[in-house]
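# Close look at the chain arrangement
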Amino acid sequence: MTKRVFSGFKPTGHLTLGNLLGAIMPAVRLQDEADCVYAVADLHALTVKHDPERLRARTREAATLLLACGLDRSLLYVQSRVPAHTELAYLLESTAYFGEMRRMIQFKEKSANQEEVRLSLLTYPALMAADILLHRADLVPVGDDQRQHVELTRDLAQRFNRLYGEVFVVPEAVHPQNAAKIMDLTTPESKMGKSDGSAAGTIYLLDPPAEVRRKVMRAVTDSGTEVRYDPEDKPGVSNLLTLLAVCSGRPIGSLGHQTYGALKRETAEAVVETLRPIQERHAELSADPAELERVLEAGAVRASGRTVELMDSARRAIGVL
Ligand code: TYM
């Protein structure tokens, strides 16, 4: 049977090379073999301090970029336009325990040393679980940092099914072989992220070529001079090798380099060439905002239609229908 796939992208900032290699490219590939649904998860961006106008703009930008990256053979929509996400999230909040939510690594990291922690930051994994379970997804293409949230989704699905009857498909995360965690270029011990990483160490999908080259050339390398893949001892060099391998489609083992400088130059060009067609397509699509609106509206209508049956079973099972 055709597998179902769901994944989401949170528009808290501009999409990054980490998003592209860790999740978007695998999501694009899955379109050939599965029934794919992807969403810009704008409600997830409300979990931390935000600016409404900027969120609207970034939601549009993320949707345009996902299409430009090739997610144009999937059902693509904006999460907030399909109310079933929040409805199901509440049923799952009523299935989850405070203790397990509090233990989520991302919650611990993002709430540490903050005075005003939004309650939605704590409950956010229930919304993410709802996103996935709503579409009866078998597979969830995500980077390494979402591993724990998909595990929680599995736990919630199994618990609900056990307590109230078989309603949910228990999903599985799929991670790309060598790009599950792209690291920040200036602090290669931490993930390259929209909000976690540093601006100098993060490559954004819309960075112009000169900016990409500058960031890669200034990437932190490690002591010594040997170019060798060793994430423990040489996190900076290993990250560059990963970028080069994934962007050029060559296995890491086949990449021989004399110097750090040569590695950086080749990596910069491979990244520029990977981003070039995406940026060109993004420019074309941006010229027609009405068409984007049409795609997103049609996507929301189709997605809403696909959630009716599942919501009905979930409500009936838990006793509110
Ligand atoms: P988000 O928006 O932070 O990231 C989107 C996707 O990109 C992956 N990713 C990375 N992969 C490799 N290296 C990196 N440096 C890197 N940075 C990000 C993430 O793992 C993710 O797959 N909560 C999710 C969005 C979401 C979602 C969902 C995902 C909402 N609902 C349902 C899957 C299923 C998030 O914040 O991802």
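Let's shift gears to the domain arrangement of the protein. Each assigned domain of the protein is listed here: domain 1 (4–179 + 288–318) and domain 2 (209–284). Placing the centre of domain 1 and that of domain 2 at their C-alpha centroids yields a distance of 30 Å. On the side of domain 2, 12 residues touch domain 1, which itself brings 12 residues to the contact. Connecting domain 1 to domain 2 are 0 salt bridges. Linking domain 1 with domain 2 are 0 residue pairs in polar contact (both at pLDDT 80 or more), by the criterion used here. Elements represented by at least two residues in the side of domain 1 that touches domain 2 include exactly helix H1 (17–30) and helix H2 (52–69). Sorting elements by how many residues they give to the side of domain 1 that touches domain 2 places H2 first, with 5 residues. A class-by-class count of the residues in the side of domain 1 that touches domain 2 yields 8 nonpolar, 2 polar and 2 charged.

Among the 6 residues that make up strand S2 (residues 35–40), 5 are buried, leaving the element largely enclosed by the rest of the structure. Across 6 bridges, the pairing between strand S1 (residues 4–9) and S2 is parallel. Its bridge partner being in S2, Ser7 is matched across the sheet by Tyr38. Regarding the hand of the β-α-β motif, the stretch spanning S1, H1 and S2 is right-handed. In the sheet, S2 pairs with strand S3 (residues 75–78) via 4 bridges, with the strands oriented parallel.

The biggest cluster of nonpolar side chains holds 56 residues, and the ones touching the most others in it are Leu17, Leu20, Ile24 and Tyr38. Take this core: its biggest share by element is 9 residues, from helix H10 (residues 260–286). Two domains each put at least three residues into this core: domain 1 (4–179 + 288–318) and domain 2 (209–284). With residues up to four places along the chain from it excluded, the contact list for Leu17 reads Met192, Ile203, Leu205, Leu243, Val271 and Leu275. Core analysis: the second largest hydrophobic core is formed by 41 residues, Ala39, Leu122, Ala126 and Leu156 among them.

Around the ligand, the structure places 27 residues, and the nearest of them are Tyr124, Asp131, Asp145, Ile182 and Met192. At 3.0 Å from an oxygen atom of the ligand is found a side-chain nitrogen or oxygen belonging to Asn19. Within the backbone of Gly143, one N or O atom sits 2.8 Å away from an oxygen atom of the ligand. Burial of the ligand by the surrounding chains reaches 98%, relative to a free accessible area of 700 Å². The cavity that encloses the ligand is the largest cavity.

Moving on: empty space enclosed by the protein. In this structure the tally under the stated criterion is 1 cavity of 30 Å³ or more. The space that makes up the largest cavity amounts to roughly 560 Å³. If you trace the largest cavity, you find 35 residues lining it, with Gly8, Asn19, Asp145, Gln146 and Lys194 closest to the centre.

A few words on helix H9 (residues 235–248). Under the 1.5 Å per step criterion, the end-to-end length of H9 is 20 Å for 14 residues, consistent within 8% with the ideal 20 Å. With 12 of its 14 residues buried, H9 lies for the most part within the structure. Among the residues making up H9, those that are buried are Pro235, Gly236, Val237, Ser238, Asn239, Leu240, Leu241, Thr242, Leu243, Leu244, Ala245 and Cys247. The first or second residue beyond H9 is Gly249, which carries a positive phi of 70°.

Each aromatic ring pair is specified by the distance between its two centres and by the angle formed by the two planes. Taken as a whole, this structure holds 2 aromatic pairs when the rule is applied. Judged by centre distance (4.9 Å) and plane angle (65°), the rings of Phe160 and Tyr164 are edge-to-face. Taken as a pair, Phe160 and Tyr164 lie in helix H7 (residues 147–164) at a separation of 4 residues, close to a single helical turn. Residue Tyr164 is classed as partly exposed on the basis of its relative accessible area, which comes to 32%. In this structure an aromatic cluster arises from ring pairing among Phe160, Tyr164 and Phe168.

Tracing the backbone shows Thr95 in the loop between helix H3 (84–93) and helix H4 (98–102). In contact with Thr95, not counting residues within four places along its chain, are Glu100, Leu156, Arg159 and Phe160.

Conventions we followed
- Residues numbered from 1 in each chain as written.
- Predicted model: local features only at pLDDT ≥ 70, side-chain atom pairs only at ≥ 80, totals over all residues.
- Heavy atoms only, no water.
- Domains from an automatic or database assignment.
- Contact = heavy atoms within 4.5 Å.
- Salt bridge = Lys/Arg side-chain N within 4 Å of Asp/Glu carboxyl O.
- Polar contact = N/O pair within 3.5 Å; in protein donor to acceptor, adjacent residues only side chain to side chain.
- Helix = DSSP H or I, 4+ residues; strand = E, 2+ residues; numbered from the N terminus.
- Nonpolar A, V, L, I, M, F, W, Y, C, P; charged D, E, K, R; others polar.
- Buried < 20%, exposed > 50% of the residue type's maximum accessible area, 1.4 Å probe, protein only.
- Pairing = 2+ DSSP bridges.
- Right-handed = clockwise from strand over helix to strand, strands pointing away.
- Core = buried A, V, L, I, M, F, W, Y, C linked by side-chain atoms within 4.5 Å.
- Near = heavy atom within 4 Å.
- Areas by Shrake-Rupley, 256 points an atom, 1.4 Å probe, with all protein chains shown as cover.
- 1 Å grid on protein atoms, 1.4 Å probe; cavity = no way out; pocket = protein on both sides within 12 Å on 5 of 7 lines; lining within 4 Å.
- Sits in = over half its atoms within 2 Å of the grid points.
- Points joined across faces, edges and corners; volume = space filled by probe spheres on them.
- Expected span 1.5 Å × (residues − 1).
- Phe/Tyr/Trp six-rings, centres within 6.5 Å; stacked < 30°, edge-to-face > 60°.

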